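Inside the fold
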Amino acid sequence: MSTSPILKFHHWLIPPRTEQGWLPYLWLVYLMFFFIEWFFRPVGGLEQFLSLLTVATFLTLYFSGFRRRGLIALLHVIGIASLGALWSGFNSGASVYFIYAASFAYLVGTTRLGLLVIFGVALMAAVTA
């Protein structure tokens, strides 16, 4: 029995062993918060370009994160949180990146380590706020 190309791509993005199913696509709806400010102020071409580059970077880290564990997963958390920190002075919707970063804390290791990672992400968000 042949698997459809869409299902193969889905399993490449989100491996079946994660038991996440199709939910990670639904969670991406929160990414819209990053663009809410665009409805309330003018946005120049450079900001549009950098925003789209940021989203592309985030999506790469996001989907790659489902295949990572340990230190590499921690680097993904730091990368996603860094996107939030870099944009926090310019776009209040960038706080969504801190939430995404914290959501990957369970991949870093033990429950205790995951809680420390969540605390670290929250601290990073508070400092940059």
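Above this text is the structure in question.
Source: prediction; values computed, not measured.

Side note on the overall build of the chain
In terms of helices and strands, the chain carries 6 helices and 0 strands. The helix and strand sequence of the chain, counted from the amino end, reads α-α-α-α-α-α. Along the first, second and third principal axes, the C-alpha set of the chain runs to 50 × 35 × 20 Å. Evaluated residue by residue, the chain yields a buried proportion of 36% over its 129 residues. At a minimum sequence separation of 6, the contacts of the chain that also span at least 24 residues come to 64%. Here the chain displays about 8,000 Å² of accessible surface, and carbon together with sulfur accounts for 75% of that area.

Concerning the packing of helix α4 (residues 70–87) against helix α5 (residues 96–103)
The description of two packed helices rests on the angle between their axes and on the distance between the axes. Orientation of α4 relative to α5, taken along the N-to-C sense of each, is 170 degrees, at an axis distance of 7 Å. Classified by the angle between their axes, α4 and α5 sit roughly antiparallel to one another. Contact residues: Val-77, Ile-80, Ala-81, Leu-83, Gly-84 and Ala-85 in α4; Tyr-97, Phe-98, Tyr-100 and Ala-101 in α5. A per-class count over the contact of α4 with α5 returns 9 nonpolar, 1 polar and no charged.

Focus: unusual backbone geometry
Despite not being glycine, Glu-19 shows a phi value in the positive range, around 55 degrees. Accessibility expressed as a relative area gives 74% for Glu-19, which makes it exposed.

Quick notes on the packing of helix α3 (residues 45–65) against α4
Packing of α3 against α4 leaves a shortest axis separation of 9 Å and a crossing angle of 160 degrees. When the axes of α3 and α4 are compared, the pair comes out roughly antiparallel. Of the two possible hands of crossing, α3 and α4 adopt the one that is left-handed. Touching Glu-47, Leu-50, Ser-51, Thr-54, Thr-57, Phe-58, Leu-61, Tyr-62, Ser-64 and Gly-65 of α3 are His-76, Gly-79, Ile-80, Leu-83 and Trp-87, all from α4. Its residues placed into classes, the contact of α3 with α4 shows 7 nonpolar, 7 polar and 1 charged.

Structural notes on the side chain of Ser-64
Note on placement: Ser-64 falls in helix α3. Here His-76 takes part through its side chain, which lies 2.9 Å from a polar atom of the side chain of Ser-64.

The rules behind these values
- Residues numbered from 1 in each chain as written.
- Predicted model: local features only at pLDDT ≥ 70, side-chain atom pairs only at ≥ 80, totals over all residues.
- Heavy atoms only, no water.
- Helix = DSSP H or I, 4+ residues; strand = E, 2+ residues; numbered from the N terminus.
- Buried < 20%, exposed > 50% of the residue type's maximum accessible area, 1.4 Å probe, protein only.
- Contact = heavy atoms within 4.5 Å.
- Areas by Shrake-Rupley, 256 points an atom, 1.4 Å probe, with all protein chains shown as cover.
- Axes fitted to C-alpha atoms, helices over the stretch in contact; angles between N-to-C directions.
- Parallel < 35°, antiparallel > 145°, perpendicular 65-115°, else oblique.
- Nonpolar A, V, L, I, M, F, W, Y, C, P; charged D, E, K, R; others polar.
- Left-handed = near helix turned anticlockwise from the far one by under 90°.
- Polar contact = N/O pair within 3.5 Å; in protein donor to acceptor, adjacent residues only side chain to side chain.

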